[in-house]
Amino acid sequence: MATRLQWTEWHLSPRGWERGSTRSQGKNNWVDDPEDRIISFVRKEDESAASAVAHSTEETWRYPSARNIDELLQKHGKCPGTL
């Protein structure tokens, strides 16, 4: 079995977490990022040939002068752990 990589982008805006682009079953689904996003993450699921699944979450973008990230994270919680 070949390595399979799936991922979902998550963007935090004043409205809360919004799903972004995704990769599932070998296909990418590209969507525009919210214009008012404050911080973005990518949630990955990597399944190796040994059937081990590794999950990771990585910050990919941050608004340069955002001061309310901690406030929004407290209000809406951390990045969703789902694809």
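Described in the following lines is the structure provided in the data block. Quick caveat, the model's predicted, so the values are computed rather than measured.

**Concerning the pairing of strand S1 (residues 4-13)**
Moving on, step 1. Taking burial as the measure, the ten residues of S1 include eight buried ones, the bulk of the element.
Moving on, step 2. Relative to strand S4 (residues 39-47), S1 runs antiparallel, the two being bridged by nine bridges. Within S4, the position partnered with Trp-7 by the bridge is Lys-44.
Moving on, step 3. Where S1 and strand S2 (residues 16-24) come together, six bridges link them in antiparallel fashion. Bridge pairing in S2 links His-11 to Glu-18.
Moving on, step 4. The hairpin turn running from S1 into S2, its antiparallel successor, is two residues long.

**So, the pattern of salt bridges**
Moving on, step 1. Counted under the stated rule, the structure contains seven salt bridges.
Moving on, step 2. Between Arg-4 and Glu-45 there is a salt bridge; the shortest N-O distance is 3.8 Å. On the criterion of sequence distance, the pair formed by Arg-4 in strand S1 and Glu-45 in strand S4 is long-range, its members being 41 residues apart.
Moving on, step 3. Among the residues examined, Arg-4 registers a relative accessible area of 32% and is labelled partly exposed.
Moving on, step 4. With a shortest N-O distance of 3.9 Å, Lys-44 and Glu-58 are connected by a salt bridge. With a gap of 14 residues between them, Lys-44 in strand S4 and Glu-58 in strand S5 (residues 53-62) connect regions that are remote in the sequence.
Moving on, step 5. Taking the relative accessible area as the measure of exposure, Lys-44 reaches 29% and is therefore partly exposed.
Moving on, step 6. Exposure remark for Glu-58: the relative accessible area of 43% places this residue in the partly exposed category.
Moving on, step 7. A single network of salt bridges, built from pairs that share partners, joins Arg-4, Glu-45 and Glu-47.

What counts, and where the lines are drawn
Residues numbered from 1 in each chain as written. Predicted model: local features only at pLDDT ≥ 70, side-chain atom pairs only at ≥ 80, totals over all residues. Heavy atoms only, no water. Buried < 20%, exposed > 50% of the residue type's maximum accessible area, 1.4 Å probe, protein only. Helix = DSSP H or I, 4+ residues; strand = E, 2+ residues; numbered from the N terminus. Pairing = 2+ DSSP bridges. Salt bridge = Lys/Arg side-chain N within 4 Å of Asp/Glu carboxyl O.

These figures capture arrangement, not role.
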